[in-house]
Amino acid sequence: MFIGPHELPNRLFVAPMAGVTDRPFRQLCKQLGAGYAVSEMVTSRKDLWNSLKTSRRANHEGETAPIAVQIAGTDAAMMAEAAAYNIDRGAQIIDINMGCPAKKVCNKWAGSALMQDEPLALEIVQAVVAACAPHNVPVTLKMRTGWSQENKNAVRIARAAEAAGVAMLTVHGRTREQGYKGQAEYDTIAAVKAAVKVPVVANGDITSPEKAQAVLAYTGADAIMIGRAAQGRPWIFGDIAHYLATGQHRAAPMTQQVKQWLLDHLDDHYSLYGEFAGVRTARKHIGWAVRALPGGEDFRAHMNTLETCASQVQAVADFFDALSVEHDRLPLVDTTMDDDEAAQDAREAACTAN
């Protein structure tokens, strides 16, 4: 599969998630089987480009190609300038955010709110494509099925975006109105795939190898994109690749191997964020890794009391060492994603483009 001139190793993608898909997490997912990963969204507001948050999001040191950066905003000229800014800093693919449902973003008419203003959405696409063309940098677009159940306009926007020069389209199978609640639907994704010639990526509620295979077959999509199901389980990409190739599930990873993956991820994470911020932002990754494991909930509570990188690393190592005494391989756990109010609020808080 290609995005513009870039050939990808497979069709299993990591979804851009604010507060999650930083460079260390993207690298980990690629190491464990993902063929492509997109950065957290970077604001088009020039006054925020020098902020610590944006500088970390624009950090691609040591990242494997192709480097894809998602940009968010509401002004066509500013979005074009943001595209050029990120290309200067190493971006090889620019992705336009028209999918984030967070109130912080939509209240400013960015993210999925742009789907309510099709002329503006198209103006932004055209401006970004024009800014990227001289650099031979392809532009992709991530969107939802529409604004609401009554206003599903993904097919119309997809056709206009393709005509404007977009190289790939990703569709999350929910409306903005749904947020992350309810079930993703795939009929609209299938309709988008039937309507355009550029590659189409299916996103939403893909949590297992069987679901990945079913969504690919039902929609005819060229690839799938996985977000929340990769949190704490980044080897899901390798699991899916194995299942698609063989029709069989591979064995769960060795518990000691999972420990090493997590420790290596933490080392990379701390190198980007430093001690103070690194300890705090690592807690969610550790929490996802141990959720539903024996003793995991107590361990998550204990993790929130630790204040240094060294103490976190030691606690993680001790937890998995103890777990491996009873379980050579990681125990099978219920990976059903709960979507309680606290989880929704956490995503709303993270989903900010500055």
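Described in the following lines is the structure provided in the data block. (Residues numbered from 1 in each chain as written. Predicted model: local features only at pLDDT ≥ 70, side-chain atom pairs only at ≥ 80, totals over all residues. Heavy atoms only, no water.)

**Comments concerning the packing of helix 11 (residues 296–303) against helix 12 (residues 309–326)**
Helix 12 packs onto helix 11 with a crossing angle of 170° between their chain directions and a minimal axis gap of 11 Å. Taken together, the axes of helix 11 and helix 12 lie roughly antiparallel to each other. Here Gly296, Phe299 and Met303 of helix 11 come into contact with helix 12, specifically with Gln312, Ala315, Val316 and Phe319. In terms of residue class, the contact of helix 11 with helix 12 is built from five nonpolar, two polar and no charged. (Axes fitted to C-alpha atoms, helices over the stretch in contact; angles between N-to-C directions. Helix = DSSP H or I, 4+ residues; strand = E, 2+ residues; numbered from the N terminus. Parallel < 35°, antiparallel > 145°, perpendicular 65-115°, else oblique. Contact = heavy atoms within 4.5 Å. Nonpolar A, V, L, I, M, F, W, Y, C, P; charged D, E, K, R; others polar.)

**Brief notes about the pairing of strand 4 (residues 36–43)**
Across the eight residues that make up strand 4, a large majority, eight, are buried. Note that strand 4 and strand 5 (residues 68–72) share four bridges and pair parallel. When the bridges of strand 5 are listed, Val38 appears paired with Ala68. (Buried < 20%, exposed > 50% of the residue type's maximum accessible area, 1.4 Å probe, protein only. Pairing = 2+ DSSP bridges.)

**Notes on the pattern of salt bridges**
Per the stated rule, a full pass over the model turns up 14 salt bridges. For the salt bridge of Arg26 with Glu63, the shortest nitrogen-to-oxygen distance reads 2.8 Å. Taken together, the positions of Arg26 in helix 1 (residues 23–31) and Glu63 in the loop between helix 2 (52–57) and strand 5 put the pair 37 residues apart, joining distant regions of the chain. Exposure remark for Glu63: the relative accessible area of 9% places this residue in the buried category. Between Asp222 and Lys193 there is a salt bridge, and its shortest N-O distance comes to 2.8 Å. Note that Asp222 is positioned in the loop between helix 8 (209–219) and strand 10 (223–226) and Lys193 in helix 7 (residues 187–195), a separation of 29 residues in sequence. A relative accessible area of 22% means that Lys193 is categorised as partly exposed. (Salt bridge = Lys/Arg side-chain N within 4 Å of Asp/Glu carboxyl O.)

**Structural notes on the side chain of Arg56**
Counting through the fold element by element, Arg56 comes out in helix 2. Comment: no salt bridge for buried Arg56; closest opposite-charge side chain is Asp22, at 8.5 Å. Looking at Arg56, its side chain comes within polar contact range of the main-chain oxygen of Tyr273, at 3.1 Å. Not counting residues within four places of it along the chain, the set of residues in contact with Arg56 comprises Leu272, Tyr273 and Ala277. (Lys, Arg positive; Asp, Glu negative; His and termini not counted. Polar contact = N/O pair within 3.5 Å; in protein donor to acceptor, adjacent residues only side chain to side chain.)

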